[in-house]
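# Results of the structural survey
Listed below, chain by chain, are the residues.
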Amino acid sequence: KTILESVNNVIGITATTSKTQYKYNEELDLSDLVVTAFYENGTSRVLTDKEYKLNKDSFNSQKRGDYEIGVSFKEDYTVDGITRSWRSVSYQNPCFFASVILNMESIKITKGTSTFLQYSDIDISNWEVEVSYKEGVTEIIKEGYTTDLKEKFPDSSEAKTDIITASFTYNGVTKTATRTVEVVKASKVFNAGALAISETPVAENAILDNFTVKKGYKVAADSQSCGCQAFARSLILDGAGTRDEYSITFDVVRDKKITVVAASQEGSEIGLYDADGNVISTYKVGTNLQRFSFEVENSGTYYIWSTGGVSLYFIGTYR
């Protein structure tokens, strides 16, 4: 049984101050801070600045923001020579906020991907916006701003170039910046929908534009989608032959990037190989359609080849 049950102990504290907004480089003003302790019997008392502690380490008047200044308090009680303490714990600690207000002057987009491949995801989560203030300071933000990207680029199905506007509003002021975004057209495209459906392995190679599908493949009716692309058929490479079987070969002249849309029920591996069979890169293929990316440095003949059962829907090459 605690002695706190026999004394008029504290049940909580509050902290109030009239100074809540600060200018650049202005010092924290605690001259009218009032910390009050409340007791079980309904009474209260104002604490002296020697009785409570402040956590103001986070306050930085050179950077805009709302800073939480925490207040903590401990009171000791002694009964029959035994001392116990009441102290404010983390979820009870009161606080007050000190807001540093700066004057925004301009913004600009400084980092982030602005070139995307046709049919791939347009992801600008790595964009960084630099905000400049009249006080002479800058900050980098990665969120909190808006863009008209979705209006200009609903998806990446259309290869085009457009100017994207980013907007950031702070303290009643809105500033904008622009950046050119490009969706690069696929130079050469393989789509399994161009092949006739075959439930048995095809004994001859199939040539589609720049792509040669080696014998042993099958084609199935398979309605699937990946991003902004929809597919009606899949090319099934389910053999374990050499690169001259169950593979797709194509020539690269100026293109440097290749994307492949594929899925597998067996967790197989799909890879890009050069004409001599040297591996460029490989991926484990899951059950959901995914877009896999490869990069090549040199022109020449390349192979898409699988170690097992893979359903392949699309190949695109890009400069």
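Notes on the structure follow. (Residues numbered from 1 in each chain as written. Predicted model: local features only at pLDDT ≥ 70, side-chain atom pairs only at ≥ 80, totals over all residues. Heavy atoms only, no water.)

### Observations concerning the packing of aromatic side chains
Going through the model one piece at a time under the given rule, you end up with 10 aromatic pairs. With a centroid separation of 5.9 Å and an interplanar angle of 55°, the aromatic rings of Phe190 and Phe211 are classed as tilted. On the criterion of sequence distance, the pair formed by Phe190 in strand 16 (residues 188-191) and Phe211 in strand 18 (residues 211-213) is long-range, its members being 21 residues apart. Each member of the pair, Phe190 as well as Phe211, is classed as buried. Each residue in the set Tyr22, Phe59 and Tyr67 is aromatic and connected to the rest through ring pairs, giving one cluster. For Lys19, the ring lying beneath its charged end belongs to Tyr22, and the centroid distance is 4.9 Å. (Phe/Tyr/Trp six-rings, centres within 6.5 Å; stacked < 30°, edge-to-face > 60°. Helix = DSSP H or I, 4+ residues; strand = E, 2+ residues; numbered from the N terminus. Buried < 20%, exposed > 50% of the residue type's maximum accessible area, 1.4 Å probe, protein only. Lys NZ or Arg CZ within 6 Å of the ring centre and 35° of its normal.)

### With respect to unusual backbone geometry
Of note, Asn25 is a non-glycine position whose phi angle comes to about 70°, a positive value. Mapped onto the secondary structure, Asn25 falls in the loop between strand 2 (21-22) and strand 3 (34-39). Here the phi dihedral of Asn171 falls at roughly 55°; this positive angle occurs in a residue that is not glycine. One can find Asn171 in the loop between strand 14 (161-170) and strand 15 (173-184). Owing to a relative accessible area of 47%, Asn171 belongs among the partly exposed residues under this scheme.

### Observations concerning the nonpolar core
Of all hydrophobic cores here, the largest spans 44 residues; its most connected members are Val10, Val131 and Phe168. Elements with a contribution of two residues or more to this core: strand 1 (10-16), strand 3, strand 6 (65-79), strand 8 (95-100), strand 9 (104-111), strand 11 (128-133), strand 14 and strand 15. In terms of residue count, strand 6 provides more of this core than any other element does, 5 residues in total. Those residues within four positions of Val10 in sequence are excluded, and the remaining contacts are Ala37, Phe38, Tyr39, Phe73, Glu75, Tyr77 and Trp86. Counting residues in each nonpolar core, the second largest holds 27 residues, with Leu195, Ala206, Phe294 and Tyr302 among its members. (Core = buried A, V, L, I, M, F, W, Y, C linked by side-chain atoms within 4.5 Å. Contact = heavy atoms within 4.5 Å.)

### Regarding the pattern of salt bridges
Pairs can form between side chains of opposite charge once their charged atoms are near each other. Inspection of the entire model under this criterion finds 9 salt bridges. Two residues, Lys142 and Glu128, come together in a salt bridge whose shortest N-O distance is 3.5 Å. Residue Lys142 is found in the loop between strand 12 (138-141) and strand 13 (146-147), and its partner Glu128 is found in strand 11; the two are separated by 14 residues along the sequence. Lys142 sits in the exposed class, given a relative accessible area of 56%. Residue class for Glu128 comes out buried when judged on its relative accessible area of 15%. As a salt-bridge pair, Lys152 and Asp148 come within 3.3 Å of each other at their nearest N and O atoms. Each of Arg45, Glu51 and Glu75 takes part in salt bridges that share partners, so that together they form one network. (Salt bridge = Lys/Arg side-chain N within 4 Å of Asp/Glu carboxyl O.)

### Observations regarding the sheet that holds strand 21 (residues 247-252)
In spatial order, the strands read 17-18-21-26-23-24; together these 6 strands make up an open sheet with antiparallel pairing. Edge positions in the sheet fall to strand 17 (206-208) and strand 24 (279-284), since each of these pairs with one other strand and no more. For this sheet the average axis-to-axis angle between neighbouring strands, irrespective of direction, equals 15°. As paired elements, strand 21 and strand 26 (residues 300-306) share 6 bridges and run antiparallel to each other. Pairing of Phe250 across the sheet is with Tyr302, part of strand 26. (Pairing = 2+ DSSP bridges. Axes fitted to C-alpha atoms, helices over the stretch in contact; angles between N-to-C directions.)

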